[in-house]
Amino acid sequence: MTISHDVLVVGAGLAGQRAALQAFRSGVDVGVISKLHPLRSHSGAAQGGINAALDPKDSVKDHIYDTVKGSDYLADQDCVEILCKEAGPTVIEMEHMGTIFNRAPDGSLDRRAFGGASYNRTIYSADRTGLALLQGLYEEVGRDPRVRIYEEWDAIDLVVREGRVQGVVALQRKTGKIEGFAAKAVVIATGPAGRVYGKTTNSHESTGDGCSLAYRAGAYLKDMEFVQFHPTCLPHTSILITEGARGEGGILRNSKGERFMERYAPHFKELASRDVVSRAIVTEVKEGRGFPDGTVHLELMHLGKEKVESKLQEIVAYARTFAGIDPVVQGIPVFPAQHYMMGGVSTNSRAETNIPGLYAAGEAACVSVHGANRLGANSLLETLVYGKIAGQNAAEYAKKASASTLGPTDIDAATSVVHQILERKEGESPAKLRSELQSTMDELVGVYRHPDDLINAVTRVAQLKERYRSVVVADKSTVYNLNLMEAIELGHLLDLAEVIVTGALARTESRGAHVRTDYPKRDDAKWMKHTLAQITKEGPSISYLPVTVTEYQPKERAY
Ligand SMILES: Cc1cc2nc3c(=O)[nH]c(=O)nc-3n(C[C@H](O)[C@H](O)[C@H](O)COP(=O)(O)OP(=O)(O)OC[C@H]3O[C@@H](n4cnc5c(N)ncnc54)[C@H](O)[C@@H]3O)c2cc1C
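Below you will find a few notes about this structure. Keep in mind it's a predicted model, so treat the numbers as computed, not measured.

Digging into helix α14 (residues 451-468)
Piece 1. Between its terminal C-alpha atoms α14 stretches 26 Å, which fits the 26 Å expected from 18 residues at 1.5 Å a residue.
Piece 2. Every buried residue of α14 is accounted for by Leu454, Ala457, Val461, Leu464 and Tyr468. Taken around the axis of α14, the buried residues stretch over an arc of 85 degrees, which confines them to a single face. Residues of α14 that are exposed and point over 90 degrees away from its buried face: Asp452 and Glu466.

Pasting the structure below:
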C-alpha cells in the first residue's frame, strides 16, 4: 500500500512540526512521520533557552556578529542574518502559540546570559525551554485537522529517482509493517546524530537517520567534522548541565580552587563560547588540576538556594539524582561530552538540498548558521526559523511538481534489506558494534584531535562497517522490534561516523570545535570553506564550498 501526501515531513521535533505547520498553512496536504511520539523528540530536552535580540538596548546586528564570531567565521553570513532577523518575531509567535516563558519583574520576557553573547538575549522557560516550545507548537499543529502525524513510524529509505525526490519508505514499530509514503516534496527534520559518540547529551534516538538516508540518496552532507562538545556534563551519564547555569552566574573551579577560566577567556570567563570552555576543562584535567574523578566543579552555591532551586530546577534534580550531590551546597562535577552536530544535510538559505524536492531543517541540516561552533540557544531558534522556511518552500515546490512515482518496487527494495537483517542467523549484535563505534569516537575524535588517532579512527570505522554487513538481531518478531531498529540505526551511525572522520582528517587546521594538535592555528587562506561529502562506492568523496561573507571579515577570535 502507498500513502500519499504533497509534502512529507520526516521528524516531529521543533523543526519538523514548524515545517509541517508552514506547509499546510501554504495550502498543501501534509503528512509527518516520526519514530517517536512528537513530544518525546530531543527538542523537549533543551534546557537553557532561545536567543532573540528583543531588548531595545540589544541589536540584531550584535546577534549576527556574535554568531559569526562564535562560528569561527565558517557560518554563511547571509543565512545568519535571516536567523537573527527572524528571532524576535519567532519568539513572539511561539509565545502566542502558548509557550510560557519566564518574565522579568516589569512583565517583559526575562533574559539570561549565555555563552559567546555580548548581551543577555536568551529567552527561557526555567531550564526546560525545549519542552515549553515543543508543547506550544504541538498544540498549534494539533488544532489543524489537515495535518496527519504518523507516530512510531521509522523512515528506512528515501527514494530519489528521475532527478527528484519521490517519497519515503517507512516501517511501523507497532506492527513491523513496511509502507511507501509517496510525496512531491520531503523535508528531513530528523534531528541530532549524537549517538555516534558514547559520551553524549543526546537522547538514545538521536541517531542521525535522516542525514544518512539523504546521503545514501545522493545529498551532500556539509561540515560533518565539526562536532560540539558541551563543557558541563555530569560524569558517567553525560547528562547536560545547561549553560544557563553559568548564565545565572555559575563559576568553574579546578581542584586547586582556581577560577581557571580567567586565564583562558579573561573577558567572558565561563561564558566564552563552548569550544573555548571545553578545551579549557580538558586542559585543566590533563595537566593535573582536575579532581580525582577527572572533572572540574561548576559552583552555584554563591547564587543562593532560592535562585538555584527556582531557575535551575531540572539540573538541581539531575545533580541530586545522578551525581549524588546537592548543588545548593556543593560544586557539581562536570566534564565535556558530545552535544551537537554543526554539520548535516547541506542546504542553502531556502532549506533546499542539491536534490530537487528534498529539503532539510533543524539539527539534521547544515545551512550553515553555526559554522565551526554553535552558540548556545541558537539551535532552538534555527529549528523554528529554518523549519518554517523549509515548510514554505517545500509546499511551493509541491504545488508545481507532478505526482510521485513511488511504487511497489521501491517498497520491495527497502523490505528486502530489512528481511536480510531479520533472517540472518550468525553475526555480531548491534549493541556490540555500536559500543565499539562509540568508544572509537570518544577516544579518537574528541575535543583535541591527534593525526594518528584520526588515521586510526578511519581504519576502525571502516572495519566496523565491514563487520556490520553481518549484523544479527536476536529478536525476530515484528511487534516493537527495537533490536531491529537498533540495527538499522547503527547503519546510519556508521555512515555518519565515516564522514566525520574523513572530513576531520582532511581538514588540516584548527577552527571552532575542530582542533588538530598538529595544526593548532586557523588557516583562512586554505580552509575558509565548507566541507561537502557525497557518497561513492569507495566511501565519502570530499569537495569544498566557499563561505558566504557579507559584512564580517575573519579576525582573531578572543573572549
Ligand atoms: C540535552 C540538550 C539540551 C539542549 N539545550 C538547548 C538549548 O537550551 N537551546 C538551544 O538552542 N538548543 C539546545 N539544544 C539543541 C537543540 O535542542 C536541538 O538541536 C534541536 O532541538 C533539534 O531539533 P530538531 O527538530 O532538529 O530534532 P529533534 O527534536 O531531535 O526531532 C527529531 C525528530 O525526528 C524523528 N526521527 C528521527 N529519525 C527518524 C526516522 N528514521 N523516521 C521517522 N522519524 C524520525 C524523531 O522521532 C523526532 O520527532 C539542546 C540539545 C540537547 C541534546
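Next, the rest of the story.
Quick word on a nonpolar patch on the surface
Piece 1. Together, Val479, Tyr480 and Leu482 line one region of the surface with nonpolar side chains, adding up to about 280 Å² of accessible area.
Piece 2. Within the element layout of this structure, Tyr480 appears in the loop between α14 and α15 (482-506).
Piece 3. In this structure Tyr480 comes out as partly exposed when scored by relative accessible area, which is 37%.

A word on the pattern of salt bridges
Piece 1. In this structure the tally under the stated criterion is 57 salt bridges.
Piece 2. Between Glu314 and Arg128 there is a salt bridge, with its nearest N and O atoms 3.2 Å apart. With Glu314 in helix α10 (residues 313-323) and Arg128 in the loop between β5 (122-123) and α4 (129-142), this pair connects stretches of sequence that are 186 residues apart.
Piece 3. On the accessibility criterion, Glu314 (25% relative accessible area) is partly exposed.
Piece 4. Accessibility expressed as a relative area gives 31% for Arg128, which makes it partly exposed.
Piece 5. The salt bridge involving Arg557 is made with Asp275; its shortest N-O contact spans 3.0 Å. You can see Arg557 sitting in the segment after β19 (539-546) and its partner Asp275 sitting in helix α8 (residues 274-286), a full 282 residues away along the chain. You'll find Arg557 and Asp275 in the same group, each marked buried.
Piece 6. Each of Asp72, Glu225, Asp275, Arg279, Arg507, Glu509, Arg511, Arg522, Asp524 and Arg557 takes part in salt bridges that share partners, so that together they form one network.

Calculation notes
Each chain has its residues counted from 1, running along the sequence as written. The predicted nature of this model means local features are confined to residues of pLDDT at least 70 and side-chain atom pairs, given and counted, to a pLDDT of 80 or more, with totals for whole chains, interfaces and linings taken over all residues. The side-chain figures draw on all heavy atoms in the structure; neither hydrogens nor water molecules are used. Only DSSP runs of H or I with at least four residues qualify as helices, and only runs of E with at least two residues qualify as strands; both kinds are numbered from the N terminus onward. To estimate how far a helix should extend, the number of its residues minus one is multiplied by 1.5 Å. Remark: exposure states derive from per-residue accessible area (1.4 Å probe, protein chains only) relative to the maximum for the residue type, with buried under 20%, exposed over 50%, and partly exposed in between. Working note: the arc is built from the helix axis to C-beta atom directions. Patches here: salt-bridge-free residues with over 30% relative accessible area, like charges joined within 9 Å, nonpolar side chains (Val, Leu, Ile, Met, Phe, Trp, Tyr) joined within 5 Å. Areas reported here follow the Shrake-Rupley algorithm with a probe of radius 1.4 Å; residue values treat only the protein chains shown as occluding. Within this document, salt bridges are pairs made up of a side-chain nitrogen of Lys or Arg and a carboxyl oxygen of Asp or Glu, the two lying within 4 Å of each other.

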